[in-house]
Amino acid sequence: MLDVCRTGAWASLCLSLCFGGPAYAAEVNLYTTREPGLIRPLLDAYTAQSGVTVNTVFVEKGLAERVAAEGARSSADVLMTVDIGNLIELVDRDLTQPVRSPVLEAAVPAPLRGADGRWFALSMRARVLYADTGLNDLAAETYESLADPRWKGKVCLRSGQHPYNTALIAAFLVRHGAEKTEAWLRGVKDNLARKATGGDRDVARDIAADLCEVGLGNSYYVGLMRSGRGGADQQKWGAAIKVVLPTFEGGGTHVNVSGAVVAKNAPNRDQAVKLLEYLVSDAAQALYAKVDYEYPVKAGAPIEPLLAELGPLSVDPTPLVEIARNRKAASLLVDKVGFDN
């Protein structure tokens, strides 16, 4: 019997029989909407350090729907996604469970995690200003000023309905209310040099081509372009723009997050918590910065040089939960003003 028990599927059963209790495999199951290539280096590093196998299931769309449909029989231990709205949806649909961890609470600032421990941000991306390199005096630029008539015909943006922009608009809505947000959206629309379309890197491309002078994009695209990882053309676009960390008037720079939760029915709950604790460690936070060009959530963790050269990031204090709760209202305002038409 001992020969049979040494390897393979019999090992778990034999441990249970020999020691009178359940045997727990050293594994954890991760459902993620993030491209596997973006997080695989972190997961491989965790396995090398801990010996725990991370089984990854890539769910491009409908993560909440899939986990809800699986119910109590779900094998998911950790649910990982990008955008605060997606994280809060998991919470609102009762697909998560609370976690109390001194490690997580020490590493993740209170505004970047649920007060009840049901979600945790793991990295940040800032919504930054891309600008023509010939422009000066942009250091004090605000999100509000994009509606200034001086930018008439000079602004490029992706769709107002894209989650990157609806999150920003929702933050504006929380800060300023519906009336001022609508007026601001109309002002920005009037300043567009072209229809709001494409992606963030297309904004840089169009600035390089002199189709517009300013626009908004996520900070990690700056790293992807300037590093050359996106190809020679994108490297040229990245070099052709000046990047500024704008702020809200009286506030800071808008950020969105990638994050994770422990699934409500996690079969390997303890391993799930340990994985989250690793992802906010110094080593993992450094890998987030190096691999994905994202800002670490842990204070003091190294920032990738291509982001560090943009200057210090002062995160806007608008609660991420409030931003998530106002996403639908922001989307309705985008349609009301015909922003994407």
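Not measured: the values here are computed from a predicted model. (Residues numbered from 1 in each chain as written. Predicted model: local features only at pLDDT ≥ 70, side-chain atom pairs only at ≥ 80, totals over all residues. Heavy atoms only, no water.)

1. What to know about empty space enclosed by the protein
Which entries qualify depends on this criterion: Using only the protein atoms, space was sampled on a 1 Å grid; points where a 1.4 Å probe fits but cannot get out form cavities, open sets with protein on both sides within 12 Å along at least five of seven lines form pockets, and lining residues are those with an atom within 4 Å of a point. Grid points are joined across faces, edges and corners, and a volume is the space filled by probe spheres set on the points. Comment: elements are numbered from the N terminus, with helices defined as DSSP H or I runs of at least four residues and strands as E runs of at least two. Classification convention: Asp, Glu, Lys, Arg as charged; Ala, Val, Leu, Ile, Met, Phe, Trp, Tyr, Cys, Pro as nonpolar; all other residues, Gly among them, as polar.
Within this structure, the stated rule accounts for two cavities of 30 Å³ or more. As a volume, the largest cavity reaches approximately 80 Å³. Forming the boundary of the largest cavity are Leu-146, Leu-157, Gly-160, Asn-165, Leu-168, Ile-169, Trp-184, Leu-185, Val-188, Leu-216 and Phe-339. Broken down by secondary-structure element, the contributors of at least two residues to the lining of the largest cavity are helix 7 (163-176) and helix 8 (178-190). For the lining of the largest cavity, the residue count by class is nine nonpolar, two polar and no charged. Around the second largest cavity, the lining residues are Arg-125, Arg-127, Tyr-164, Asn-218, His-254, Val-255 and Asn-256. When contributions to the lining of the second largest cavity are tallied by element, the ones reaching two or more residues are strand 4 (120-132) and strand 8 (255-262). Looking at the lining of the second largest cavity residue by residue, the classes come out as two nonpolar, three polar and two charged.

2. So, the packing of aromatic side chains
Put simply, the rule reads: Ring geometry is summarised as follows: Phe, Tyr and Trp rings, the Trp one being its six-membered ring, pair when their centres sit within 6.5 Å, and such pairs are stacked at plane angles under 30 degrees, edge-to-face over 60 and tilted between the two.
For the structure on display, the rule yields five aromatic pairs. Relative to Phe-248, the ring of Tyr-143 has its centre 4.7 Å away and its plane inclined at 50 degrees; by these criteria the two rings are tilted. Pair noted here: Tyr-143 is in the loop between strand 4 and strand 5 (155-156) and Phe-248 is in the loop between strand 7 (241-244) and strand 8, with a separation of 105 residues, a long-range link. Aromatic side chains Phe-172 and Trp-184 sit 4.1 Å apart centroid to centroid with 15 degrees between the ring planes, which places their arrangement in the stacked category. Remark: Trp-184 occurs in helix 8 and Phe-172 occurs in helix 7; sequence separation between them is 12 residues. Each member of the aromatic cluster is reached from another via a ring pair, and the members are Tyr-143, Phe-172, Trp-184 and Phe-248.

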